[in-house]
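# Secondary and tertiary structure notes
Below are the chains, spelled out letter by letter.
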Amino acid sequence: MWNELGISGGTAIVILIALYFVIKWAVKNGIKEAYSAITGKKTDEDVRNEKELKELGFESEDK
């Protein structure tokens, strides 16, 4: 099937792995966004990231 598209086996594997990580990232962000919308709270990861950014001297844009 891949040969009909002009794609070798190695290229197909790389594309599938990249697609897996893109979908995983999108689902994770969607779940975080839905959690924030439903509960009105920030996730622990967001709180930790904001704390680290503040320590590095960057300010949050959510103000």
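Presented here is a report on the structure given in the accompanying data block. Remember, predicted model here, so these are calculated numbers, not experimental data.

A surface patch of nonpolar side chains, about 470 Å² in accessible area, is lined by Leu16, Leu19, Ile23, Val27 and Ile31. Positionally, Ile23 belongs in helix α2 (residues 9–39). For Ile23, a relative accessible area of 47% puts it in the partly exposed group.

In this structure, Lys32 sits in helix α2. Lys32 sits in the buried class, given a relative accessible area of 19%.

The next point concerns the environment of Leu5. Mapped onto the fold, Leu5 is located in helix α1 (residues 2–5). For Leu5, a relative accessible area of 59% gives the class exposed. Taking the C-alpha atoms as reference points, Leu5 and Glu52, separated by 47 residues in sequence, lie 46 Å from one another.

With 13 residues, helix α3 (residues 44–56) should cover 18 Å at 1.5 Å per step; its first-to-last C-alpha distance of 19 Å lies within 8% of that length. Directly after α3, the chain includes Gly57, whose backbone phi takes a positive value near 100 degrees.

The next point concerns the pattern of salt bridges. Overall, the coordinates contain four salt bridges when judged by the stated rule. One salt bridge in this structure joins Lys32 and Asp46, with 3.1 Å as the shortest N-O distance. Here Lys32, found in helix α2, pairs with Asp46, found in helix α3; they are 14 residues apart in sequence, far enough to count as distant. Salt-bridge contacts for Lys42 lead to Glu50; the nearest nitrogen and oxygen are separated by 2.9 Å. Look at Lys42 and you get partly exposed, because its relative accessible area is 42%.

Criteria and thresholds
Residues numbered from 1 in each chain as written. Predicted model: local features only at pLDDT ≥ 70, side-chain atom pairs only at ≥ 80, totals over all residues. Heavy atoms only, no water. Patch = residues over 30% accessible without salt bridge, like charges linked within 9 Å, V, L, I, M, F, W, Y side chains within 5 Å. Areas by Shrake-Rupley, 256 points an atom, 1.4 Å probe, with all protein chains shown as cover. Salt bridge = Lys/Arg side-chain N within 4 Å of Asp/Glu carboxyl O. Helix = DSSP H or I, 4+ residues; strand = E, 2+ residues; numbered from the N terminus. Buried < 20%, exposed > 50% of the residue type's maximum accessible area, 1.4 Å probe, protein only. Expected span 1.5 Å × (residues − 1).

What is shown is where atoms sit, not what they do.
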